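Report on the structure
Residue strings, one per chain:
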Amino acid sequence: MEAPLSGTLLNEPLPSYESLLKLVQATPALLEVTEPRLNRYIPHYPHEKQAAFLLLECLEAFYGGAAGGGKSDALLMAALQYVDVPGYAALLLRKSYQDLSLPDALMARAREWLEGTDAVWDRETHTWRFPSGATLTFGYLETEDDKYRYQSSAFQFIGFDELSQFTLTQYLYLFSRLRKKDGVVVPLRMRSASNPGGRGHEWVRDRFIIGRGVDDRIFISAKLEDNPTLDIASYEISLAVLDPVTRAQLRHGDWEVRQSGGMFKRESFKYIRREMLPGGLSKVRYWDQAATEKSQKNSDPDWTVGLLMGLQVEKLKEGEGKPTRSVRKYYIIDVARLRGSPAQVDEAMKACAAMDGKDTFVYIEQEPGASGKRAIAYFIDLLRGNTVRGDPKTTNKITNAGPYSSAVERGDVWIVEAAWNAVFILEHEAFPNPNIHDDQVDGGAGGYNTVGKSSGLLEWYREEAERVKAMKEGTSASPS
Ligand SMILES: Nc1ncnc2c1ncn2[C@@H]1O[C@H](COP(=O)(O)OP(=O)(O)OP(=O)(O)O)[C@@H](O)[C@H]1O
Ligand SMILES: [Mg+2]
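Residues numbered from 1 in each chain as written. Chains lettered and ligands numbered in written order. Predicted model: local features only at pLDDT ≥ 70, side-chain atom pairs only at ≥ 80, totals over all residues.

With respect to the overall build of the protein chain
Rules: Under the scheme used here, helices are H or I runs from DSSP no shorter than 4 residues and strands are E runs no shorter than 2 residues, and both carry numbers assigned from the N terminus. Our exposure labels follow a C-beta count within 10 Å of each residue's own C-beta, placed from the backbone: buried means 20 or more other C-beta atoms, exposed means 12 or fewer, and partly exposed covers the counts in between. Think of it this way: build a C-beta for each residue from its backbone, and any pair within 7 Å is a contact.
A tally of helices and strands in the protein chain yields 17 helices and 15 strands. Expressed as a percentage of its 480 residues, the buried residues of the protein chain come to 38%. Across the protein chain, the fraction of contacts at a sequence separation of at least 24, relative to all contacts at a separation of at least 6, is 74%.

Written as structure tokens, this is what we have:
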């Protein structure tokens, strides 16, 4: 049955799903017109939120939240909604072919649903063809460039399952493949589903949770309870073994809770305006270079980061006869972050050196062995005019970031207010987390560990000697 409600009530002004549900429950007659369009290829009858998802005719909708909420099922149902219409074409995407072909994933589920019907499977193109001439194709976008494989196709339905595994650019590109065909009367629908977490968590959250209701964009939150088909009690037991953040994401579909590695808390960083920076800082620009460039194979490689760290050492004398104590304040002044060819990285390093000035030491993370030494020699030549040193790469990133993390926690690290702050903090909060980049943390740790070395070394030795002497004599001097 057609769904007149979807075109009206769900658009301006946008009622929440809950208010719509209340309205429908209070007006039983509405139930009849709120039944989504279904057909004989869809063997499941949609649960309430799935039905809401299937009723939508707006351009963009996202069904996001708890694992097991019935999201993939809803996507497959949505893709099949118009396969009785001649000329209709639907595309369902996962990140990789492997994801697509997992036992309970979309392709297997479609086979279960469609085998034995009059739809025919084409193995070559991963496409189901229906007697109407409509098609349902399964695809994947493993690399950034895979999106071009769909260059010459047109679909009226595109569905992304596990959207947070894709990049925003992949998602946006596919809008160009969403086109009406002459005479095919179906809505154009970009649909997606996902659990929170994953590399694309931030952009998915920004687009659909923060940006819901913008430009005809609808978010339906999925909860485990929304899927009565699932044995929730036994699923809860499986989820109980997860860490609290992943559990909140998967059990409750919580988009706000973040994967925190626990080494850096956002509230421990202090902020300072650039013009308030103290003068006379010892400065280091620390470069942590990405091993791989962005390529067809790797759409989300590491970043090259050049972090400018300043150090101020203040002398405090706590009283007559007491040794002086030094207070160290660290300032993260700038973060250059890029993905580029070696030549582009060289250019960025030169530009930063010119901007930072000759009194800024340049430290570069140094790979082991002769190749590492050669690379440093190359940079010494490239950045003539600045003092350039190699900093041997450490094998244990967590230990390496330890002193930096303690300084942040003590409140000794300030960051200069700038556009890069948000991503910088997010990355720090997540560290250590294998799914989230840590190049800026490496940059921060590198900057912290080297900025003290670059100047005042003798000073430091002298203070240490005084501190040890004072300890031996029984006077306490707090270590800096
Ligand atoms: N309306 C329905 N009728 C019958 N079974 C359903 C329905 N909706 C979902 N299911 C079944 O419930 C199980 C979980 O659903 P589904 O895989 O769609 O959830 P999901 O939200 O995509 O989970 P995940 O987060 O793990 O990907 C599946 O076996 C699915 O077939
Ligand atoms: Mg799923």
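Anyway, onward from the coordinates.
Description of the packing of helix 14 (residues 397-410) against helix 16 (residues 439-451)
Quick reminder of the rule: Lines fitted to C-alpha atoms define the axes, with helix axes restricted to the stretch in contact, and inter-axis angles between N-to-C directions lie between 0 and 180 degrees. The labels follow the angle: roughly parallel below 35 degrees, roughly antiparallel above 145, roughly perpendicular from 65 to 115, and oblique for the rest. Each crossing is labelled by how the near helix is turned from the far one, with a counterclockwise turn of less than a right angle marking it left-handed and a clockwise turn marking it right-handed. For this classification, the nonpolar set comprises Ala, Val, Leu, Ile, Met, Phe, Trp, Tyr, Cys and Pro, the charged set comprises Asp, Glu, Lys and Arg, and every other residue, Gly included, is treated as polar.
As a packed pair, helix 14 and helix 16 sit with axes 9 Å apart at the nearest point and diverge in direction by 70°. Taken together, the axes of helix 14 and helix 16 lie roughly perpendicular to each other. Along this stretch, helix 14 crosses helix 16, giving a crossing that reads as left-handed. Residues K397, N400, A401, P403, Y404 and A407 of helix 14 pack against V441, D442, G444, A445, Y448 and N449 of helix 16. Split into classes, the residues belonging to the contact of helix 14 with helix 16 amount to seven nonpolar, three polar and two charged.

Here's the deal with the site of ligand 1
So the rule is basically this: For each residue, a C-beta position is placed from the backbone atoms; the residue is near a molecule or strand when that point lies within 6 Å of it.
Around ligand 1 sit 17 residues, and of these A67, G70, K71, S72 and D73 come closest. For the shell around ligand 1, the element with the most residues is helix 5 (residues 71-80), which contributes three residues.

Describing the packing of helix 4 (residues 48-55) against helix 5
Axis separation between helix 4 and helix 5 bottoms out at 10 Å; the angle between their running directions is 35°. Judged by the sense of rotation from one axis to the other, the crossing of helix 4 with helix 5 is right-handed. Contact residues: helix 4 offers Q50, F53 and L54, while helix 5 offers D73, A74, M77 and A78. Across the contact of helix 4 with helix 5, the residue classes break down as five nonpolar, one polar and one charged.

Overview of the environment of K329
Take K329: it is sitting in strand 12 (residues 324-338). Assessed through the 18 C-beta atoms surrounding it within 10 Å, K329 is described here as partly exposed. The contact partners of K329, leaving out residues within four places of it in the chain, are Q312, D412 and W414.

Observations regarding the sheet that holds strand 14 (residues 388-392)
The condition is simple: The pairing criterion for strands is at least two bridges between them, as found by DSSP.
The seven strands are arranged 9-15-12-11-10-13-14 in an open sheet whose pairing can be described as mixed. Each edge of the sheet is formed by a strand with only one pairing partner; in this case those strands are strand 9 (270-272) and strand 14. Strand-to-strand twist in this sheet, taken as the mean axis angle between neighbours without regard to direction, amounts to 30°. The pairing of strand 10 (residues 282-288) with strand 13 (residues 360-366) spans five bridges and is classified as parallel.

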